[in-house]
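Close look at the chain arrangement
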Amino acid sequence: MKVRPGQSSTLDTQFGPRAASVTEFASAVESGSSLSRTQLDQLFRAAGGRSRIADSLLTARAEAGIPIADADPDRTVAMLAPELTPTVSGASREAGALYLLALFAWTPQITSTMVDLVHAAFSAGQVRTAATPEELTSLLTSQRLLTVAAGTEEVFTVPSLIRVLMRRITEVGADCAAKNPREALGAAITDALAQPRSADESGFSEAIGLAVETSNWKVLERVWARRSVNVFVDVPTAIETYLGVPEDVLADSPVRTLARSAARRIDSTRRRLRSDDTVELVAATDFDSIVVPGLHGLLSTETASTAETALTADEVTVLTTLEARTHRMNLDTQAALDTIETGRERLRSLDEGEPEATLMLQAELNLEHGRNLVVAGRFPEAMRLLQLVVQFAEIYTPNSPHPLLTGLVEAALASMGHGQGSDMDRSLERARESARGFGMAELPNERTALCIEAMRRLDRLDTDAADRILAEVDEARPGQYLGPIPDIAHSLCSVYQGRASIAAKMLTESSSVRFIQMAGVPSTRQSGIINIAGFVLVAAGRRRSCRTWETR
């Protein structure tokens, strides 16, 4: 076999000389005579025509007393000698080709999308060669280390034994690339999955599948930090992906733990609705009440100052959000607000040069903060924070439902508390319009939206419409904690319908109204919610009850 000087000598050194045909291969393989023509042909394709690899495998099988023709995948992997593992170093064209081959070897199926992703990973790896990925791909196919697939969705295939050997590469020479192949693939996958959702979603499932294939759990963490709930819309298989993250991988990452909890929540919705429509599932799943008891208290736990144990900005942000949410769900708004302030102080005290929290996680913390400010009656502050959430969504995730829809509905709720009717209308109208654009029949926080719409109907004295909407509120899934708002809306509607005594009884007996956490807040006296409650009691002639209620 003739080798052109300077072209494939490194490849031949790594894998052995390449046979041009099955006949030439049979004569080069020492145990070739014991194989049938079919077996020889299969081994020829699996080894890429490299007799050195075939000899090593056949010898190992013979020494182990296993039939020469045995093709068990696990035994095959184990029987390829360690010294066959290629070494990748230097800045030559051939070294770049080996690096590219290692990237291709990790992809279970090399479709056109995977070719683009592998080429992106090649760039992310900062390979020290002047040759382009396209040129190196041609070199690999000419050497039969990469074969052209025909009649399928696959573009190329890596011979199975070559694939096994290339997957053994864990490190490459510093003179060859800045990242090893798995690290480079991780960077490319993260970038691919972190892009704003577009009409063309081809390759998303393949990319996240490749993250699992390479056990790139850090990639799944970064994807969640950048995309959050949107990943379930972008990549429907992400539900199984995050559900399948090993427990030991979850242990050291609050972000991955949150992602797995969200996957469990949407999987529960999927089982309940018996639907695989991820858009419908995302709208029907209450992600905003997820709490993780196992993470509660970690925010205030003193951690060692070493880099290995110190919390990252993303972890601090997630822990702050979850702990504040736990307090909110337990109706302790002040504790939630104190927790958020503690978390923000931790973020401000991070060492200079430490990466900041991702914008998505910051937006989710702002969303939780805004909710608690609404419950506390601090509506102007809540509106400013929720507007930041909406602005983030418009700029960074314009084609995704989260957190745009929730941010708009919560902003409308803050406007309701502040008595800004026109702002309520604008926010809710935009939320409904955006939801339709995403193919959603209802909003993720539909119950909140219905309460707001009922209040606006009452503003216009349209009691019939308000009554119909409130009936929908009662039937809607009780996902969101709305405190006293549904009961206050019902009681106000009863007043407008001439049933003031019933309205007052409903209000005074409401457990939600009784525990409202708004006393002592400067903006309380301007609260539209408190004014409405007071109006209901006054309408029923209960002025004393009204004064008592205001001082709670």
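These numbers come from a predicted model, not from an experiment.

1. Comments concerning the confidence of the model for the chain
Residue-level pLDDT values for the chain average 83, and 86% of them are 70 or greater. Averaged pLDDT values over the elements of the chain bottom out at 47 in helix α30 (residues 543–550) and peak at 95 in helix α16 (residues 254–273). Note that pLDDT drops below 50 for residues 515–526; the model gives that stretch 26 contacts with residues more than four away or on any other chain. Under a pLDDT of 50 for its full length, residues 544–552 has, in the predicted model, 12 contacts with residues more than four places off or in other chains.

2. Some points on the environment of T10
Looking at where T10 falls in the secondary structure, it is placed in helix α1 (residues 9–15). Among the residues examined, T10 registers a relative accessible area of 27% and is labelled partly exposed. Residues T10 and A95 lie 85 residues apart in sequence; the distance between their C-alpha atoms is 7.6 Å. When near neighbours in sequence (up to four residues on either side) are disregarded, T10 contacts E94 and L98.

3. Examining the nonpolar core
One finds Y99, W224, F232 and Y242 to be the most contacted residues of the largest nonpolar core, which totals 155 residues. It is helix α6 (residues 93–106) that provides the largest number of residues to this core, a total of 11 residues. Leaving out residues up to four positions away in the same chain, Y99 has contacts with V88, F122, G125, V127, V172, C176, A177, K179, N180, P181 and A184.

4. Regarding the pattern of salt bridges
Scanning the model with the defined rule gives 25 salt bridges in all. Salt-bridge contacts for E221 lead to K218; the nearest nitrogen and oxygen are separated by 3.2 Å. Pair noted here: E221 and K218 are both in helix α12 (residues 217–227), with a separation of 3 residues, about one helical turn. Classification of K218 as partly exposed rests on a relative accessible area of 42%. Here R432 and E446 are joined by a salt bridge, their closest N and O atoms 2.8 Å apart. Residue R432 is located in helix α23 (residues 421–437), and its partner E446 is located in helix α24 (residues 446–459); the two are separated by 14 residues in the primary sequence. Residue classification places R432 among the buried positions, given a relative accessible area of 17%. Classification of E446 by relative accessible area gives buried; the value is 10%. Here the salt bridges share partners, and the residues they tie into one network are D288, R325, R328, E368, R371 and E410.

5. Re helix α26 (residues 485–496)
The end-to-end C-alpha distance of α26 is 17 Å, a good match for the 16 Å that 12 residues give at a rise of 1.5 Å each. With 10 of 12 residues buried, α26 lies mostly within the body of the structure. Within the span of α26, buried status applies to I485, P486, I488, A489, H490, S491, L492, C493, S494 and V495. At the C-terminal side of α26, G498 shows a positive phi close to 85°.

6. Digging into the layout of surface pockets
Counted as a void, the second largest pocket has a volume near 320 Å³. Forming the boundary of the second largest pocket are 18 residues, of which A46, R61, D70, A71 and T76 lie nearest the centre. Elements supplying a minimum of two residues to the lining of the second largest pocket: α3 (37–46), α4 (51–63), α5 (73–79) and α9 (160–167). The greatest single-element share of the lining of the second largest pocket, amounting to 4 residues, is contributed by α3.

7. Overview of the side chain of T320
Along the chain, T320 turns up in helix α18 (residues 313–329). Under the relative-accessibility criterion, T320 is labelled buried at 0%. Those residues within four positions of T320 in sequence are excluded, and the remaining contacts are L299, T339, I340, G343 and L365.

8. A look at the packing of aromatic side chains
Throughout the structure, instances matching the rule amount to 7 aromatic pairs. Seen in terms of ring centroids, W224 and Y242 are 5.8 Å apart; in terms of plane orientation they differ by 70°. Their pairing is edge-to-face. A residue pair is termed long-range when its members are at least 10 positions apart, and W224 in helix α12 and Y242 in helix α14 (residues 238–243) qualify at 18 residues. Each member of the pair W224 and Y242 is classed as buried.

9. Considering empty space enclosed by the protein
This model, assessed by the stated rule, comprises 6 cavities of 30 Å³ or more. Surrounding the second largest cavity, 19 residues form its lining, S228, L258, F287, R325 and E364 being those nearest its centre. Elements represented by at least two residues in the lining of the second largest cavity include exactly α16, α18 and α20 (359–375). Along the lines of polarity and charge, the residues of the lining of the second largest cavity split into 10 nonpolar, 4 polar and 5 charged.

10. Remarks on α18
The first and last C-alpha atoms of α18 sit 24 Å apart over 17 residues, in line with the 24 Å expected at 1.5 Å per residue. Looking one or two residues beyond α18, the residue adopting positive phi is L331, at roughly 65°.

11. Quick notes on the packing of α20 against helix α22 (residues 404–418)
In contact at an axis separation of 10 Å, α20 and α22 are set at 20° when each is read in the N-to-C sense. By the angle class used here, α20 and α22 are roughly parallel. The hand of the α20/α22 crossing is left-handed. For the pair α20 and α22, contact is made by L367, R371 and V374 and by T406, G407, E410, L413 and A414, respectively.

12. Some details on unusual backbone geometry
In this structure, the amide linkage connecting H402 to the following residue, P403, adopts the cis form with an omega of 5°. Its place among the elements puts P403 in the loop between α21 (379–396) and α22. Despite not being glycine, Q126 has its phi angle at roughly 55°, a positive value. Tracing the backbone through its elements, the reader meets Q126 in the loop between α7 (112–124) and α8 (133–142). Taking relative accessible area as the criterion, Q126 reaches 44% and is therefore assigned partly exposed. With a phi close to 55°, R274 is a non-glycine residue in the positive phi region.

About the thresholds
- Residues numbered from 1 in each chain as written.
- Predicted model: local features only at pLDDT ≥ 70, side-chain atom pairs only at ≥ 80, totals over all residues.
- Heavy atoms only, no water.
- pLDDT = per-residue confidence, 0-100.
- Helix = DSSP H or I, 4+ residues; strand = E, 2+ residues; numbered from the N terminus.
- Contact = heavy atoms within 4.5 Å.
- Buried < 20%, exposed > 50% of the residue type's maximum accessible area, 1.4 Å probe, protein only.
- Core = buried A, V, L, I, M, F, W, Y, C linked by side-chain atoms within 4.5 Å.
- Salt bridge = Lys/Arg side-chain N within 4 Å of Asp/Glu carboxyl O.
- Expected span 1.5 Å × (residues − 1).
- 1 Å grid on protein atoms, 1.4 Å probe; cavity = no way out; pocket = protein on both sides within 12 Å on 5 of 7 lines; lining within 4 Å.
- Points joined across faces, edges and corners; volume = space filled by probe spheres on them.
- Phe/Tyr/Trp six-rings, centres within 6.5 Å; stacked < 30°, edge-to-face > 60°.
- Nonpolar A, V, L, I, M, F, W, Y, C, P; charged D, E, K, R; others polar.
- Axes fitted to C-alpha atoms, helices over the stretch in contact; angles between N-to-C directions.
- Parallel < 35°, antiparallel > 145°, perpendicular 65-115°, else oblique.
- Left-handed = near helix turned anticlockwise from the far one by under 90°.

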